[in-house]
Amino acid sequence: METIDKVFKNNEKWIEGKLQNDPKFFSDLVKGQKPEILYIGCSDSRVAAEEVMGLGPGDVFVHRNIANMVISIDLNAMSVINYAVDHLKVQHVIVCGHYSCGGVKAAMQSADLGILNPWLRNIRDVYRIHKTELNAIEDEDQKYDRLVELNVQEQCINLIKTAAIQRAHRDRNLKVHGWVFDVKTGKLIDLKIDFKGILNSIMEIYHLE
Ligand code: CO
């Protein structure tokens, strides 16, 4: 119970702090949300989405799952993306992976993880797509880091393939970003993915704009 008691005590202190800073904090918050960012990240407890970006309540629409996946038949993720893009009209969509990701690590190994198997298989597919590059990396840690980055890249591409993102990119220049959070240093790294270059080569397959 200690942990849970602490949470409620922390909450009291948090409310106090917010009101001291701005007495209208909660009365403003209740009016509604207008976040400019949709953040799709890993569920890992070490990657605190808003905190690492220095943002707070009302700033970011958040979706998290194991290994920050964007899968076209995941009704949960697709609903979040649709709502954020079509209704909240976010201007930026970020897929943020992180080094030391347990989900990505598990996908590199052959252990049977039950219900997680079909989920992690999507990461193995990323490995398969980039097999030549990954197999050329001898150092296991470097290979692992690179798979984390390539997974972000592939999930961004999955994102770009969705109808909502296609429309918003065409109509109001919505931007997709691929980032990695480095747990060792706390740094957010923009992978500066060349979407134009990547998409040019697959456009005819997916009929993308
Ligand atoms: Co993770």
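Analysis parameters
- Residues numbered from 1 in each chain as written.
- Predicted model: local features only at pLDDT ≥ 70, side-chain atom pairs only at ≥ 80, totals over all residues.
- Heavy atoms only, no water.
- Buried < 20%, exposed > 50% of the residue type's maximum accessible area, 1.4 Å probe, protein only.
- Helix = DSSP H or I, 4+ residues; strand = E, 2+ residues; numbered from the N terminus.
- Pairing = 2+ DSSP bridges.
- Donors = N, O, S within 2.8 Å, 3.2 Å for Na, K, Ca; no water.
- Salt bridge = Lys/Arg side-chain N within 4 Å of Asp/Glu carboxyl O.
- Lys, Arg positive; Asp, Glu negative; His and termini not counted.
- Polar contact = N/O pair within 3.5 Å; in protein donor to acceptor, adjacent residues only side chain to side chain.
- Contact = heavy atoms within 4.5 Å.

**Student:** Help me understand the pairing of strand β3 (residues 92–98), please; the structure alone is not making it clear to me.
**Tutor:** For a regular strand, side-chain orientation follows a simple rule: the groups alternate between the two sheet faces. A large share of β3 lies buried, amounting to 6 of its 7 residues. As paired elements, strand β1 (residues 37–42) and β3 share 5 bridges and run parallel to each other. Directly across from Ile40, in β3, lies its bridge partner Val95. Alignment of β3 against strand β4 (residues 175–182), held across 7 bridges, turns out to be parallel. The residue of β4 that forms the bridge with Val95 is Gly178.

**Student:** Could you clarify how one ought to interpret the coordination of the cobalt ion in this entry?
**Tutor:** Each angle at a metal carrying four tetrahedral donors should ideally be 109.5 degrees, and each at a metal carrying six octahedral donors should ideally be 90 or 180 degrees. Donor atoms from the polypeptide that coordinate the cobalt ion comprise Cys42 (SG), His98 (NE2) and Cys101 (SG), at 2.1 to 2.3 Å from the metal. As a motif over one chain, the donors of the cobalt ion read C-x55-H-x2-C. The same class applies to His98 as to Cys101, namely buried.

**Student:** Mind showing me how you'd approach the pattern of salt bridges here?
**Tutor:** Where side chains of opposite charge bring their charged atoms close, a pairing between them can arise. This structure, assessed with the given rule, holds 9 salt bridges. The closest approach of N and O atoms between Asp86 and Arg167, which form a salt bridge, is 3.0 Å. Taken together, the residues span a long stretch of sequence, with Asp86 in helix α4 (residues 75–87) and Arg167 in helix α9 (residues 163–172) at a distance of 81 residues. For Arg167, a relative accessible area of 35% corresponds to the partly exposed category. Residues joined in a network through salt bridges with shared partners are Arg121, Asp125 and Arg128.

**Student:** Can you help me understand the side chain of Asp74 in this one?
**Tutor:** Tracing the backbone shows Asp74 in the loop between β2 (60–65) and α4. The side chain of Asp74 is buried and forms no salt bridge, while Arg64, the nearest opposite charge, is found at 13 Å. A distance of 3.0 Å separates the side chain of Asp74 from the backbone nitrogen of Asn76, its partner in a polar contact. Non-local contacts of Asp74, meaning those with residues more than four positions away in its chain, are made with His63, Asn65 and Trp119.

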